[in-house]
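# Residue-level structural notes
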Amino acid sequence: MFSFIATYAPQLIVAGIKYTIPLALISFVLAVIIAVIVAVIRSYQPHTSGIKRLFWQIIKFIAWFYVWLFRSTPMLVQLFIVFYGLPKLGISWLSPSAWSSAIWVLSLNTGAYASEAIRAAISSIPDTQREAAAALGMTDLQIFVRIILPQATRVSIPTLANSFISLVKDTSLASVVTLVEMFYLSQQLAAVSYNTLQMYTLVGALYAIFVTILSIPQRYIQRWADRFIKVQG
Amino acid sequence: MLKLEKIDKRYADHHALKDINVTFKPNETTVIVGPSGSGKSTLLRSLNLLEQADSGLYTIDERTIDFSQPITTETLLWTRRKTGMVFQQPRMFDHLTVLKNIIEAPIQVRKQKKSDAIKHALVLLDEVGLNDTANRYPYQLSGGQTQRVAIARALAMDPEYLLLDEPTSALDPELEAQVLHILNNFAKAGQTMIIVTHNMDFARAAADRMIFLEDGSIQFDGSPEDFFDHPTERIEHFLNAYKFTE
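Read on for an overview of the structure. (Residues numbered from 1 in each chain as written. Chains lettered and ligands numbered in written order. Predicted model: local features only at pLDDT ≥ 70, side-chain atom pairs only at ≥ 80, totals over all residues. Heavy atoms only, no water.)

Glancing now at helix 9 (residues 233-240) of chain B. Structurally, the α-helix is built with 3.6 residues per turn, so residues lying three or four positions apart point the same way. All names here are of chain B. When helix 9 is considered as a whole, its buried residues turn out to be I235, F238 and L239. For helix 9, the angular spread of buried residues about the axis comes to 95°, placing them on one side. Seen from the buried face of helix 9, the exposed residues on the opposite side, beyond 90 degrees, are E233 and H237. Packed against the buried residues of helix 9 are strand 3 (29-33), helix 7 (200-206), strand 9 (209-214), strand 10 (217-222) and helix 8 (224-229). (Buried < 20%, exposed > 50% of the residue type's maximum accessible area, 1.4 Å probe, protein only. Helix = DSSP H or I, 4+ residues; strand = E, 2+ residues; numbered from the N terminus. Arc of directions from axis to C-beta. Contact = heavy atoms within 4.5 Å.)

Every contact between the two is made by 20 residues of chain A and, on the other side, 23 residues of chain B. Carbon and sulfur atoms make up 60% of the area that chain A and chain B hide from each other, which totals about 2,100 Å². Broken down residue by residue, the surface that chain A buries against chain B is led by E131, L136 and F228 of chain A, which jointly contribute 30%. Inspection of the region where chain A meets chain B yields three salt bridges. The closest approach of N and O atoms between E131 of chain A and R45 of chain B, which form a salt bridge, is 2.6 Å. Our enumeration of links across chain A and chain B arrives at seven residue pairs in polar contact (both at pLDDT 80 or more). For the side of chain A that touches chain B, the secondary-structure elements that each account for two or more residues are helix 5 (127-135) and helix 6 (140-170) of chain A. If one sorts the elements of the side of chain A that touches chain B by residue count, helix 5 of chain A sits on top with seven residues. In terms of residue class, the side of chain A that touches chain B is built from 10 nonpolar, six polar and four charged. (Buried area = accessible area lost by both parts, 1.4 Å probe. Salt bridge = Lys/Arg side-chain N within 4 Å of Asp/Glu carboxyl O. Polar contact = N/O pair within 3.5 Å; in protein donor to acceptor, adjacent residues only side chain to side chain. Nonpolar A, V, L, I, M, F, W, Y, C, P; charged D, E, K, R; others polar.)

Further remarks concern the sheet that holds strand 5 (residues 63-66) of chain B. Residue and element names in this part refer to chain B. The strand order across the open sheet built from four strands is 2-1-4-5, with neighbouring strands paired in antiparallel fashion. Each end of this open sheet is capped by a strand with a single partner; those strands are strand 2 (14-24) and strand 5. The average undirected angle you get between the axes of adjacent strands in this sheet is 15°. One ladder, built from five bridges, connects strand 1 (residues 2-11) with strand 4 (residues 55-60); its direction is antiparallel. Within the sheet, the bridge partner assigned to L4 lies in strand 4 and is Y58. Relative to strand 2, helix 1 (residues 40-47) is tilted by about 55°, and along the sheet it contacts strand 1, strand 2 and strand 4. (Pairing = 2+ DSSP bridges. Axes fitted to C-alpha atoms, helices over the stretch in contact; angles between N-to-C directions.)

This part takes up the layout of surface pockets. Put simply, the largest pocket is a space of about 1,300 Å³. Lining the largest pocket are 36 residues, with Y44, Q45, H47, R130 and D140 of chain A sitting closest to its centre. Of all the secondary-structure elements, those providing two or more residues to the lining of the largest pocket are helix 1 (2-43), helix 4 (98-124), helix 5 and helix 6 of chain A together with helix 2 (73-82) of chain B. Across the lining of the largest pocket, the residue classes tally to 18 nonpolar, 10 polar and eight charged. Here the second largest pocket defines a volume of roughly 470 Å³. Of all the secondary-structure elements, those providing two or more residues to the lining of the second largest pocket are helix 1, helix 6 and helix 8 (196-225) of chain A. The element contributing the most residues to the lining of the second largest pocket is helix 6 of chain A, with nine residues. Of the residues assigned to the lining of the second largest pocket, the class counts are 16 nonpolar, four polar and no charged. (1 Å grid on protein atoms, 1.4 Å probe; cavity = no way out; pocket = protein on both sides within 12 Å on 5 of 7 lines; lining within 4 Å. Points joined across faces, edges and corners; volume = space filled by probe spheres on them.)

This brings us to the pattern of salt bridges. Counted under the stated rule, the structure contains 18 salt bridges over all chains. We note a salt bridge from E131 of chain A to R91 of chain B, for which the minimum N-O separation is 2.7 Å. Here E131 of chain A, found in helix 5, pairs with R91 of chain B, found in the loop between strand 6 (83-86) and helix 3 (98-108), and the two come from separate chains. Assessed through its relative accessible area of 11%, E131 of chain A is described here as buried. A salt bridge links E28 of chain B to R209 of chain B, with the shortest nitrogen-to-oxygen separation between them at 3.8 Å. Remark: R209 of chain B occurs in strand 9 and E28 of chain B occurs in the loop between strand 2 and strand 3; sequence separation between them is 181 residues. Given a relative accessible area of 9%, R209 of chain B falls into the buried group. Among the charged side chains, a network of salt bridges with common partners joins R42, R71, E116 and R119 of chain A.

Keep in mind these numbers describe shape, not what the thing actually does.
In structure tokens:
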């Protein structure tokens, strides 16, 4: 048992450090950026009329469509379309590598879910806050950036942390676009060693360890974010 | 000077303000009273453009707003600079300390230098008796204290008119007395205030002028002496409701 772990764990951990962790971290950063932009667009209620209003309605529709599309199709299918499907269009800049397909799909998919979390957090901030700031003469943009967003950030952290944990595990799907990340490597090693039970248990345990380590910052981020509320206990 | 002419406001099933004509002069404390649902808050919120009447004219100093026309953002912000607002609930920005709550709008809206804003904020905190709370978060203060911060926050913008919408209704009598005492000091110092309240003792003590609103119309507009000492039958009935008798 020990020799099995000693033989295979180091290779798997290297694959994890080379692929799983960078995929998860890069995709998460992109996902949060996408999510904030989409959540802001979908939360914004313009008071304008005419052509400006039409413009906003189109932008809001695109944001809605993106969230609907990525939430209602399997990520596996999205990966196949992007990696195997898009090259068929024959447009070179639209034909992503394995790495970039995985990052695009992981970040767009996570971004769709995270945008809903952020949108919910924004709408959880009572309208009385907006009104109090408006009464002080603040503009819509100032109110959003300085009053609503900082409070919504705190509310959205637990849900975003959840999305991040899912994302770490979902990087295993990148195996289908030929990235030899941790899970793909474990499949290759299982095929030659015939120790399927031990091998997949080992890789499962490594995912659990990675998730646990990567979740440590959440506690500190949450503590910082909770500085202005009364924490129980 | 704030002047409302022929102000009319309807909600779906409720005629909130009916042909309101009233002028508020600088350095006066006006107290607006009336039964619940009489349109007091709507009237006050119209002055700060948190509500927009359906029709009528609103003149602030040299500018006149026609409510039947769309109001530009520039006019909206300009009006709010002139009129500070204190709500029934303190509505603190929970993520900011007491000091930052107060300096937020002076820095962002008035573009004051941070050091000047802090200096002004500390003077105001002293005036509301809370100079030791500057670096605390709102959750660490009591309801009466946060309402005093809310008053300081509104005054930090140097509004020409301070509007207060039942500022003590959420407080127990002891805390209410503290807040009213502070408001009375500001009134004596010449701060123009328009206050909606249910506290008749305070109204009598602080008001230069009383307005009685019922069913969206102004039923009385005059001196506190006339209001309290020579009330009409309706006002007498209204005032009697504040005295508990068996």
